[in-house]
Amino acid sequence: MSDLLWGTLPIAAMGLAACLMFLLAAVLKSGRTAGVLGILSTLILGGGSVLVLWSQGGKVVPAALVSCDKLALFFDGLFVLVASLVMALSLEYFEKKKAHHVELYGFIILATAGMMGLASATNLITFYLGLETMSLSFYVLAGFLRAHENSVEASLKYFLLGAFSSAFLLLGMAFLYGSSASLDFGGIATALSTGAIPLGEPILYLGFFLFLVGLFFKLSLIPFHFWAPDVYQGAPTPITALMAVGGKTAAAAGAIRIFLSVFTASQGLADKWFHLFMAVGLITIFVGSMIAVTQRHIKRLLAYSSIVHAGFIALGLGALAVASLREQVLAAVLFYVAAYLVMNVGAFAVAGVVERPENYDETLRSYSGLGTTAPYLAALFSVFMLSLAGIPLTVGFLGKFYIFGALVKGGYYVVASLGLIGAVIATYYYLKVVVALYFPAAGEEPAPAPKASWTTLALLTLMGAGTLYLGIFPGLLTDLVKGLGIG
Amino acid sequence: MIPVSLLWLIPVLPLLGAFVNGVFGWKWEKDRRNVISGVALSSTALSMVLAFWNIATLWATNWGSVPERVGNVTVDAAHHAFALHLAPWLPVGDFLTGLGGRGHFNVEWLFVLDPLSAVMLFVVTFVGFLIHVYSVGYMAHDQGYFRYFAYLNLFMAMMLTLVLGGNYLVMFIGWEGVGLCSYLLIGFYYTKDSCADAGKKAFLTNRIGDMGFAAGLMLILYYFGTLDMAQVNAIAVGGTIPPWVITASAILLFVGATGKSAQMPLYVWLPDAMAGPTPVSALIHAATMVTSGVYLVARSNGLFSMSPTALTVVAGVGCFTALFAASIGLVQNDIKKVLAYSTVSQLGYMFLGVGVGAYAAGVFHLYTHAFFKALLFLGSGAVIHAMSGEQDIRKMGQLFQKIPQTYRTFLIGCIAIAGIPLFSGFFSKDEILWKALTSGDGPGKFGPLYSKVLFLVGASAALMTAFYMFRLLYVTFFNSDRVSEEAKHHLHENPRVMTVPLWILAVGAIICGYVGLPKLWTGSENVWERWLEPTLYLPGGHGEMAEGAHQAAASGAEALVHHSAGLEWGAMGLSVLVAVLGIVWATLWYKRETETPSRLAQALSGPYKVLLNKYFVDEIYFGAFIRPFVTMSRIASGVDRWLVDGTVNVVAYSNEVLGMLLRFFQTGYIRNYGLFILLGVLVLLYFYF
C-alpha cells in the first residue's frame, strides 16, 4: 500500500465504518445491536489504524492533503476514545428516551471522521471538508430526539448559526487564498515568508481575522458562544458530550496545525494570533464564569463550564505564538484537552444518568442529597466537579497547572494571574454542585436515586479512575504528549 | 528491596478502607457493623504488617554492600535511606533560583524509608491499629459508625503519607490531609454546637500555621531550588545558602509546626479538640498528628542545625509551652482537658529536645509519649465510657474497685509520664533535660545561662507533670465517692475489645524506653541514638568527616566538651527527685479528701482563677484577633453583598431582561445571536486593525 493511502487510513477507516453503519441501518431493528456494532467498528477500525500508524511513527507525505503525523494520531486517538465512550453511554440514554434509532451510531462515527479530517488537514479544502463533515453530523445528532421540542430547536439553532459562522470562515479562507495564491498550508506559509502577497497585507489580515472568527465559533469563545448553552442544553446528553469534547478538541487541533504550519511564517500574524487568543480567552474565562454562577440547570452549567474551559485552552493556543514557549505550551494544551475529555465526558455521563426520560435537563434540585441516596454516583460526580474546578490530585488541576506554568515561565504574569482569578470564580459553581450533592437545603428531601445500568457505571468508574489516576500519576500522559509536533 | 517497592501501599491500603466504608458503609450501618469495622481493621492491619516488614528490612540491611539503585528504589547508604521514586507528579522543569543557580521543580511521588520515618511508621501503624480495635468497642453505640471508621482510615492514610513523603510537597498533602481529618473527627458529633465550633477552631488555627509552612516551602524552593528533603538538608549544611534564608525558612517551617503540634501561641485549639470521640483524641491529638511538627523539625535537621537563631526559638517556645501548659493542667477538672494540657506540655518537651539539637532525644520522647499518652487517653475514654459519658473528675472517685483493669493501666501510664525510673517516660524525659543542660555549646550555641534556664524550666514542668497526673489519678480513682446514683447504676468494667488494647499499650509504656538506655547505665553507646544517627545532617557535609569524629559529633555536645559522669548522675537524680516530689505532693493532698487544696485556692484566689481560666488566653485572642476579624468580616460581607452579589445579580438580571426581550421575537432568537456575533466581529476588528 502506498504511503499516501497509509496517511489517510484513520479517516478512511472511520468513513468506511460510518458507511457500514448506514448500510446496516437498513436491516437492523435494534438500536442496541447497532450501538455495539458501532463501538466495535470504531475501536477495531479506527483504534486499530491509529495504533498501527502510531507504532510506525506516523506517515507524512509531502504535499498531500492530509498529514498523518504523531500529533494528528494523538488527536485521532482522543476522537476514537470519545466516540466510543459516547456510543457506549448512548446505549442506555436513548433506550431511556425511547428514541433509539439505528442511524445514530453512523452519524457519531461520521462526525468522528470529520474531527480526524480537521485535525490532520494540511489544505484549506480538507480543513473545511473535515469541519463541515463534523458539523453537519452534529446538526443531525442534536435533533435526534425528534419528539422533544428542545432537541429539534437545538438542532436548527446550531445549524443556522453554524452556517453563519461558516460564512466567516469561508470568506477568510478565500482571502487567504487570494493573498497567497495557494490552498496548501505549505504554499501559504511560503508566500507569507517570502512576502509574495498579491492582494496586499490588509486583505491577508482580514482573511486571517475572519478565519479566526470561524474557529472562535467552533471553540465557543465569548462573544461567539451564544449557540453553545442553548444547543448543549437541548441536545441529547451523550451528544452534548460529543460536541463539547470532540468538537472543541477538533477545533483546537485544527487551530494548532494551521498555526504551526502557516502563521508562524509571519511574525505579524503570530503577534495578532497571540493577542486575539489571549484577549478572547480571558474574556471567555471571566464572563463565562460569571454567567455560570447564576445557572441552576446542570447541562447549562456544564455548557458554560465548557465555554470557560475553552477559554483556558485559548490561553494555551495563544501562547503557541511565543517561539521559546512553543514546545512546552503545545504539550500543556495537549494535556489539557486529554484531561478535559476524561472529566467532561464523565460529568455529562452523570448528567445523562440523572436526567429523567421526560426532561431534557435537570435542575440542581434533582442532585440534592444524592450523596445519601446514590453515594457512588455522587462520589464520582464530585470527582468530576473537583477536577473541572481544578483541585489538586485531579487531572484538571494539572491541566491548568501546566498552562499557567508555561505562561509564568514566559513572563506573562498578568495573563496568568487573571486566568487564575477566573479559575477561582469558576471553583464556586462547581463546589455549589458538590454542596448540593451532600448537603441538601434544610427541609428538602434527598432526590431519589437514578437508575444506571452496570455498563454506564463501569464507564463512569473508568473515567473517575482516569481523572484521579492521571491527576496523581500524570507521567503516562506527559510522556505521550512530550515532543509531539507537526511532521 | 521488595517491601520498599511496596512502600506506597502503606498509605494506600487505609485509603482503600476509607473509600469502601465512605461509599458503601451506610448500607452496613444498621445491622452489619462488623463489616465496617472488618474493612477498617483489616486495611489498617495489612498496612501495619507491611510497615513492620519494611522496618525489619531496614534493620537487616547491610549498608556496606547495598546496590545504589534497584528498579525505582534508590539507596543512600550514608543516611541509611531507601527512596522509592514512584512516579512523576509535577514535572515543571528548571528555573533560575534566588541565588542564580539552576533549580529543578520536578516534584515526584517520593516515599522515603529511613530510621526516622521507620520510627514514625512503627508508632502510627501500631498505635493506630490498637486504637482502631479499641474504637470497635467505644463507638459500638454511636450513630455514624461508618463515617467514624472512614474518617479514621482516611486519617491513617494521610498521616502515613506525611510520614513517608520524601519531599515537602508530598508531606504537605499528608499535612493538610490530617488537618482535614482532624477537623472532621473533632466535629464528629456535629449536631452539638460546641463540637462543630471546636472543629472550626482547630481548622482555622491550623491555617495560620500552614500559611507559615507554605511560605517556608516557597522560600526553600526559590533559594534551594528543590523540595526534596534530603537535598534541602544536604544543601543547607553545604554552606552555600545565606544564613538569613536558612533562619527564615527554618522559622517558617516551625510556625507550621507550632500550629499542628499545638505550641505557643497556636496551642489553643488542642484543648477544645477534646470534643471529638476519645479514641480520636488518643490517636490524632496525642500520639500521632500533633507530633508531626516535631517530626518536621527532625526531618529538616540539617536546616535547623545551621541556624542557631531558629534553634533558640524552637527550644525557647518548646520549653515555655511545657511549663505554661503544665501549670494550667494543675487545676483543670475535666479528665480529658487535663490530658490535653499535658499533651501540649509534653509536645513542648519534644520541641525542647529537637531545639537543643538533640533530635534523637526529641524523637525518642515522641515515641515513648505515643505509648503512654495513648494509654492515658484510652484509659480516660474507658472511664468516661464506664461513667456513661461523665467527664468531670469532681463527679468521680473511688473508681479503682469498680473498673480495676482501667485503673491499673491508667496507673502505669501516670508513672510513665511522671518520669519514674524504669518506665519509658523517664528515659526520654531525662535524656531531653540532660541534653538541654549541656546544650550551651551545641549547634544552637546557647551559652551556659540559656541552657541552664532551659533545664530548670524543664525540670519545674516535670514536677508539675508528676503532680497533676497523680492528682488526676487520685481524684478519679480514690478520694471520696462522688459518683451520682444514676451513673453508679450503669458503672461497669469495659469489654475486652477495649481493655486488651489498654494492656498492650501499658506493657508498651513500661518497656518501650529500653531501646534508649543512657550510656551512663550501660557503658555502651545509646542504641536509639545509633539508630537515628545516620538521619542527621551535620555542618560541613556528611561524608567529609572521618568516621570517628562523625560518630562523636553525632552525639551532640559531648563531642565538644566532655561532661563529667558526676554531673549527669546529678541531673538524673534531680529529675527523679522532682518526679517523686510531685507524686508525694499529690498523694498528700488528693489521696484522701483533704481541705488543703480548696483552702489554698481560696487564699490564692487570684492566681487560682488565672490558672483555672487558662490564663484567659482564649479571651485575649477573642478580643485581640477574633472580634476585630469578625468586624472586618462583617464589613467585607457587606461589600460582598452589595458589590459582588450586586454585580452577580446585575449580570443575572440583565440575562433575564435579555431573555425577556428575546422572547418577543420567537424566530428572531437566532437572528439576535447572529447580530451579537457580528457585533463581536466588529469590535475585535476595530481593536486590532
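Please read all numbers here as calculations on a predicted model, not as lab measurements.

Reading guide: rules and limits
- Residues numbered from 1 in each chain as written.
- Chains lettered and ligands numbered in written order.
- Predicted model: local features only at pLDDT ≥ 70, side-chain atom pairs only at ≥ 80, totals over all residues.
- Heavy atoms only, no water.
- Helix = DSSP H or I, 4+ residues; strand = E, 2+ residues; numbered from the N terminus.
- Rg over C-alpha atoms; globule rule 2.2 N^0.38 Å.
- Buried < 20%, exposed > 50% of the residue type's maximum accessible area, 1.4 Å probe, protein only.
- Contact = heavy atoms within 4.5 Å.
- Buried area = accessible area lost by both parts, 1.4 Å probe.
- Salt bridge = Lys/Arg side-chain N within 4 Å of Asp/Glu carboxyl O.
- Polar contact = N/O pair within 3.5 Å; in protein donor to acceptor, adjacent residues only side chain to side chain.
- Nonpolar A, V, L, I, M, F, W, Y, C, P; charged D, E, K, R; others polar.
- Core = buried A, V, L, I, M, F, W, Y, C linked by side-chain atoms within 4.5 Å.
- Domains from an automatic or database assignment.
- Pairing = 2+ DSSP bridges.
- 1 Å grid on protein atoms, 1.4 Å probe; cavity = no way out; pocket = protein on both sides within 12 Å on 5 of 7 lines; lining within 4 Å.
- Points joined across faces, edges and corners; volume = space filled by probe spheres on them.
- Phe/Tyr/Trp six-rings, centres within 6.5 Å; stacked < 30°, edge-to-face > 60°.
- Lys NZ or Arg CZ within 6 Å of the ring centre and 35° of its normal.

S.K.: How would you summarise the overall build of chain B if you had to cite specific residues and measurements?
M.R.: Looking only at helices and strands, chain B has 29 helices and 4 strands in total. For a compact globule of 689 residues, the expected C-alpha radius of gyration is about 26 Å, and chain B comes in at 28 Å, within 12% of that figure. For chain B, the C-alpha atoms occupy an extent of roughly 95 × 70 × 50 Å along the three principal directions. Here chain B holds 689 residues, and 58% of them are scored as buried.

S.K.: Which residues make up the interface of chain A and chain B, and what values do they have?
M.R.: Tallying the contact residues gives 44 residues for chain A and 33 residues for chain B. Of all residues in chain A, Phe 209, Phe 226 and Phe 473 of chain A give up the largest surface area on contact with chain B, accounting jointly for 16% of the area buried on that side. Applying the counting rule to chain A against chain B returns 0 salt bridges. The interface formed by chain A and chain B holds 2 residue pairs in polar contact (both at pLDDT 80 or more) in total. Listed by contribution, the elements that provide at least two residues to the side of chain A that touches chain B are helix 7 (149-180), helix 9 (201-219), helix 10 (227-234), helix 12 (267-293), helix 16 (375-389), helix 17 (395-409), helix 19 (454-472) and helix 20 (475-481) of chain A. The leading source of residues in the side of chain A that touches chain B is helix 12 of chain A, at 8 residues. Split by residue class, the side of chain A that touches chain B holds 32 nonpolar, 7 polar and 5 charged.

S.K.: Outline the nonpolar core, listing residues and values.
M.R.: Within the largest apolar cluster, 413 residues are counted, with the highest numbers of intra-cluster contacts made by Phe 263 of chain A together with Tyr 168 of chain B. Counting residues domain by domain, this core receives three or more from each of domain 1 (164-512 + 521-568) and domain 2 (632-688) of chain B. Those residues in contact with Phe 263 of chain A, other than ones at most four positions away along the chain, are Leu 176, Leu 192, Phe 208, Phe 211, Ile 258, Leu 269, Ala 270 and Trp 273 of chain A.

S.K.: How would you sum up the pairing of strand 4 (residues 102-113) of chain B? Please name residues and give values.
M.R.: The side chains of a regular strand alternate between the sheet's two faces. All names here are of chain B. Judged from the 12 bridges that link them, strand 3 (residues 81-96) and strand 4 form a sheet pairing that is antiparallel. Paired with Asp 94 across the strands is His 104, a residue of strand 4. In textbook terms, the turn of a hairpin is the stretch between consecutive antiparallel strands, and for strand 3 and strand 4 this stretch comprises 5 residues, one of which, Gly 100, has a positive phi near 85 degrees.

S.K.: I'd love a proper account of empty space enclosed by the protein, names of residues and values included.
M.R.: Where empty space is left becomes clear once a probe the size of a water molecule has been rolled over the atoms. All names here are of chain A. All told, the structure shown has 7 cavities of 30 Å³ or more when counted by the stated rule. Roughly 100 Å³ of volume is contained in the largest cavity. What lines the largest cavity is simply Leu 89, Glu 92, Tyr 93, Lys 96, Thr 237, Pro 238, Phe 348, Ala 349, Gly 352, Val 353 and Thr 456. Those elements giving two or more residues to the lining of the largest cavity turn out to be helix 4 (70-96), helix 11 (237-261) and helix 14 (326-354). Here the residues of the lining of the largest cavity sort into 6 nonpolar, 3 polar and 2 charged.

S.K.: Please provide a residue-by-residue account of the environment of Leu 302 of chain A, values included.
M.R.: Residue and element names in this part refer to chain A. In this fold, Leu 302 is placed in helix 13 (residues 298-319). Its relative accessible area of 0% is what places Leu 302 among the buried residues. Residue contacts for Leu 302: discarding those within four places in its chain leaves Ala 347, Phe 348, Ala 351, Met 385 and Leu 388.

S.K.: Let's hear about the pattern of salt bridges: which residues, and what values?
M.R.: All names here are of chain B. Evaluated as defined, the whole model comprises 16 salt bridges over all chains. For Arg 207, the salt bridge goes to Glu 176, with nearest N and O atoms at 2.5 Å. Taken together, the residues Arg 207 in helix 7 (residues 193-224) and Glu 176 in helix 6 (residues 168-186) connect sequence positions 31 residues apart. Judged by its relative accessible area of 27%, Arg 207 falls in the partly exposed class. Glu 431 is paired through a salt bridge with Lys 435; the nearest N and O atoms lie 3.3 Å apart. Within this pair, Glu 431 and its partner Lys 435 are both found in helix 18 (residues 424-437), separated by 4 residues, close to a single helical turn. The buried category is assigned to Lys 435, whose relative accessible area is 10%.

S.K.: Residue-level account of the sheet that holds strand 3 of chain B, with values.
M.R.: With antiparallel pairing, 4 strands are arranged side by side in an open sheet as 1-2-3-4 (chain B). Unpaired on one side and paired on the other, strand 1 (69-70) and strand 4 of chain B mark the two borders of the sheet.

S.K.: An account of the packing of aromatic side chains is needed here, citing residue identities and associated values.
M.R.: A complete count under the given rule lists 67 aromatic pairs over all chains for this structure. Aromatic side chains Tyr 145 of chain B and Phe 149 of chain B sit 5.1 Å apart centroid to centroid with 75 degrees between the ring planes, which places their arrangement in the edge-to-face category. Taken together, the positions of Tyr 145 of chain B and Phe 149 of chain B, both in helix 5 (residues 145-164) and 4 residues apart, correspond to about one turn of that helix. Take Tyr 145 of chain B: its relative accessible area is 4%, and that puts it in the buried class. Judged by relative accessible area, which is 0%, Phe 149 of chain B ranks as buried. Its end group placed over the ring of Trp 54 of chain A, Lys 70 of chain A keeps NZ or CZ at 4.3 Å from the ring centre.

S.K.: Provide a residue-level description of the pairing of strand 3 of chain B, including the pertinent values.
M.R.: Strand direction decides the pairing type here: strand 2 (residues 73-76) of chain B and strand 3 of chain B, joined by 4 bridges, are antiparallel. Across the sheet, the residue bridging to Thr 74 of chain B is Ala 83 of chain B, located in strand 3 of chain B.

S.K.: Account for the environment of Leu 130 of chain B, naming residues and giving values.
M.R.: Residues and elements named next belong to chain B. Along the chain, Leu 130 falls in helix 4 (residues 115-138). For the pair Leu 130 and Ala 45, spaced 85 residues apart in sequence, the C-alpha separation works out to 9.5 Å. Beyond its immediate chain neighbours, meaning those up to four positions away, Leu 130 contacts Pro 501, Ile 504 and Leu 505.

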